[in-house]
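Structural overview
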Amino acid sequence: MQTKLNVIVGAIAITLSGAAMSQEVVKIGHVGPTSGAIAHLGKDNELGAKMAIDELNAKGVTIGGKKVKFELLAEDDAGDPKQGTAAAQKLVDSKVNGVIGHLNSGTTIPASKIYSDAGIPQISPSATNPKYTRNGYKTAFRVVADDVHLGGTLGKYAVTTLKGKSIAVIDDRTAYGQGVADEFEKGVKAAGGKVVGREFTNDKATDFTAILTSLKGKKPDVVFFGGMDAVAGPMLRQMKQLGIEAKFMGGDGICTAELPKLAAGNLADSQVVCAEAGGVEGESKKSLDAFKVKFKDKYKVDVQIYAPYVYDAVNVMVDAMVKANSSDPKKYLAVLAKTDGYKGVTGTIGFDAKGDIKNGALTLYTYKGGNREQLAVVR
């Protein structure tokens, strides 16, 4: 009897072991700057990916009749194009099934060729330079609006709403910063505004005395900065020291929860107007607000900016795998490209022929009392 029982127990153990071994592992890569000046943004993105992966594994997703386990392979590109391409090649060599990232346009664009050559789908949650989806790579997608929309909208807003008469533009010479500044300048001119000066710095600079002094003599009432919050914060401090009381504008790179801290108390109420390259309103806002609460409960930190878009990007990619009955990039890529009407926490997601999000929206924000406040959603 005991021998018979041992045989049964052994058979069950073998069956369970076989079931566990047959479980398919699906590798999803994530790349962002988790070191360097904007590490707080890269970590925010990575946590969004981790949340999505944890929830998918808890749910028990089945693809093509097989239960799968998702594994996140996270890489740091430090916001550097060379490190970004090295990270991309590492993920390709690891045979990932798809990639979410990168954060910056300057790393996303060169990495996109590597993913394209390998046939691996890539969804960026935050790269806004138009070139990313205009290189003809069928593997490139994004879930936010691009700089043509973002920069142009801010340029028009500077003239028509802020009533800017003399507008100065600064950029950090990165693919993102220069790109959004160029589109902003076009938007200003299209709205009948005047750009009185154009200066540039770099994404690691801390001293802006020379360029700000030059612009001060031109008496700007609006200063636009194309770049990230790590540079914008010190720039705002130095503007105050020099007595420049202009409105300060920027794209999504400065539109973060961290900006007031980086400005070290030198941020006047309503001085800053910035835009997030995504827009949520109506019923969708409830989903986003719920996500932010859940995110803080899980990680004990507030969402910086793009964690919800990363979360949606992971889920959109997995949804395409489920519909295609395969996690093989060659098989689910075509399904991913046809994504339309996906209900995410950031709104409804669908891709156009270039891989851009359809009907991309922007959310305009300002800061009061050190907190970010929504001004409007623009489509």
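Here, every reference points to the structure presented above.
Residues numbered from 1 in each chain as written. Predicted model: local features only at pLDDT ≥ 70, side-chain atom pairs only at ≥ 80, totals over all residues. Heavy atoms only, no water.

1. Examining the packing of aromatic side chains
The geometry of an aromatic ring pair comes down to the distance between the two centres and the angle between the two planes. Applied cut-off: A pair of Phe, Tyr and Trp rings is counted when the ring centres sit within 6.5 Å of each other, with Trp represented by its six-membered ring. The angle between the planes then sorts it: under 30 degrees is stacked, over 60 is edge-to-face, the rest tilted. Secondary structure elements follow DSSP: runs of H or I of four or more residues count as helices, runs of E of two or more count as strands, with numbering from the N terminus. With a 1.4 Å probe rolled over the protein chains alone, any residue whose accessible area is under 20% of its type maximum counts as buried; one over 50% counts as exposed, and the rest are partly exposed. A ring has a charge above it when a Lys NZ or an Arg CZ is no more than 6 Å from the ring centre and no more than 35 degrees off the ring normal.
All told, the structure shown has six aromatic pairs when counted by the stated rule. Taken together, a centroid distance of 5.0 Å and an interplanar angle of 45° make the contact between Phe-141 and Phe-351 tilted. You can see Phe-141 sitting in strand β6 (residues 140-142) and its partner Phe-351 sitting in the loop between β13 (347-349) and β14 (362-368), a full 210 residues away along the chain. By relative accessible area, which is 3% here, Phe-141 ends up buried. An aromatic cluster of at least three residues, connected via ring pairs, comprises Phe-291, Phe-295, Tyr-299 and Tyr-311. Arg-173 extends its terminal NZ or CZ atom over the ring of Phe-200, reaching a point 4.4 Å from the ring centre.

2. Let's talk about the pairing of strand β10 (residues 247-250)
To be explicit about the condition: A pair of strands is labelled paired if DSSP reports no fewer than 2 bridges between them. Here, the term right-handed applies to a crossover whose path from the first strand over the helix to the second runs clockwise when the strands point away from the viewer.
Here strand β9 (residues 222-226) pairs with β10 via four bridges, running parallel. Residue Val-222 lies in a different strand from β10, and its bridge partner there is Lys-247. At this point the chain moves from β9, through helix α8 (residues 229-241), to the parallel β10, and the crossover so formed is right-handed. In terms of strand pairing, β10 meets strand β11 (residues 272-276) through three bridges, oriented parallel. Residue pairing in the sheet places Gly-250 in a bridge with Cys-274 of β11.

3. A few points about the sheet that holds β10
Stated precisely, the cut-off is as follows: Structural elements are reduced to axes, namely lines fitted to C-alpha atoms, with helices fitted over the stretch in contact, and the angle between N-to-C directions of any two is expressed from 0 to 180 degrees. Note on contacts: a residue pair is in contact if any heavy atoms of the two residues lie within 4.5 Å.
Pairing is mixed in the open sheet, where seven strands are placed in the order β8-β7-β9-β10-β11-β14-β15. With one partner strand each, in any of the chains shown, β8 (195-200) and β15 (371-378) form the two edges of the open sheet. The average undirected angle you get between the axes of adjacent strands in this sheet is 20°. Strands in contact with helix α7 (residues 209-216) are β7 (167-171) and β8; relative to β8, the strand with the most contacts, it is inclined by about 175°.

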